[in-house]
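One-letter residues, chain by chain:
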Amino acid sequence: MQAMNAPVKKRLLALLDELIAHDGFGSIRVDIRLLKRGQKEVIIDCGKQYRYVVDFESPQEKPGV
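Bear in mind the structure is a predicted one, so any value in this text is a computation, not a measurement.

Novice: In this structure, what is going on with the packing of aromatic side chains? I would like to understand it.
Specialist: How two aromatic rings sit relative to each other is set out by the distance from centre to centre and by the angle between their planes. Scanning the entire structure with this criterion turns up 0 aromatic pairs. When the ring centre of phenylalanine 56 is taken as origin, the NZ or CZ atom of lysine 40, which lies over that ring, is 4.5 Å away.

This is the structure we're talking about:
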């Protein structure tokens, strides 16, 4: 599951570094929407929008829980 989240985390960290280095105000907003079973859409908004679809496993779907 971590491999699916890697591009999202990489983009968030890069945007954070850019905002900290920027000479002025900045903000980052992250929205997560539930898509069809087993997927979520992650939208990172920081002036531009970056969209990712990631797979996830809900706690109800895990065996033994």
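Novice: Explanation requested: the nonpolar core in the structure shown.
Specialist: General note: in soluble globular proteins, nonpolar side chains tend to be found buried as a group. With 8 residues, the main nonpolar core is built from Val8, Leu15, Val42, Ile44, Cys46, Tyr50, Tyr52 and Val54. Among the secondary structure elements, those contributing two or more residues to this core are α1 (2–21), β2 (39–46) and β3 (48–55). When sequence neighbours within four positions are dropped, the list of residues in contact with isoleucine 44 reads Val8, Arg11, Leu12, Leu15, Ile28, Arg29, Val30, Gln49, Tyr50 and Tyr52.

Novice: Whenever I open this one, a nonpolar patch on the surface confuses me. Can you help?
Specialist: Together, Leu13, Leu16, Ile20, Ile28, Val30 and Ile32 make up a nonpolar patch on the protein surface, roughly 550 Å² of accessible area in all. Listing elements by their share of the nonpolar patch, those giving two or more residues are α1 and β1 (29–34). Residue contributions to the nonpolar patch peak at 3 residues, all from α1. With respect to the secondary-structure elements, isoleucine 32 resides in strand β1.

Novice: Is there a simple way to explain the sheet that holds β2 in this structure?
Specialist: Remark on secondary structure: sheet strands pair via backbone hydrogen bonds, oriented parallel or antiparallel. Ordered by their spatial adjacency, 3 strands build an open sheet running β1-β2-β3, and the pairing between neighbours is antiparallel. Lying at the two open borders of the sheet, with one neighbouring strand each, are β1 and β3. Between one strand axis and the next, the sheet turns by 20° as a mean value, whatever way the strands run. As paired elements, β2 and β3 share 8 bridges and run antiparallel to each other. Bridge pairing in β3 places valine 42 opposite tyrosine 52.

About the cut-offs
- Residues numbered from 1 in each chain as written.
- Predicted model: local features only at pLDDT ≥ 70, side-chain atom pairs only at ≥ 80, totals over all residues.
- Heavy atoms only, no water.
- Phe/Tyr/Trp six-rings, centres within 6.5 Å; stacked < 30°, edge-to-face > 60°.
- Lys NZ or Arg CZ within 6 Å of the ring centre and 35° of its normal.
- Core = buried A, V, L, I, M, F, W, Y, C linked by side-chain atoms within 4.5 Å.
- Buried < 20%, exposed > 50% of the residue type's maximum accessible area, 1.4 Å probe, protein only.
- Helix = DSSP H or I, 4+ residues; strand = E, 2+ residues; numbered from the N terminus.
- Contact = heavy atoms within 4.5 Å.
- Patch = residues over 30% accessible without salt bridge, like charges linked within 9 Å, V, L, I, M, F, W, Y side chains within 5 Å.
- Areas by Shrake-Rupley, 256 points an atom, 1.4 Å probe, with all protein chains shown as cover.
- Salt bridge = Lys/Arg side-chain N within 4 Å of Asp/Glu carboxyl O.
- Pairing = 2+ DSSP bridges.
- Axes fitted to C-alpha atoms, helices over the stretch in contact; angles between N-to-C directions.

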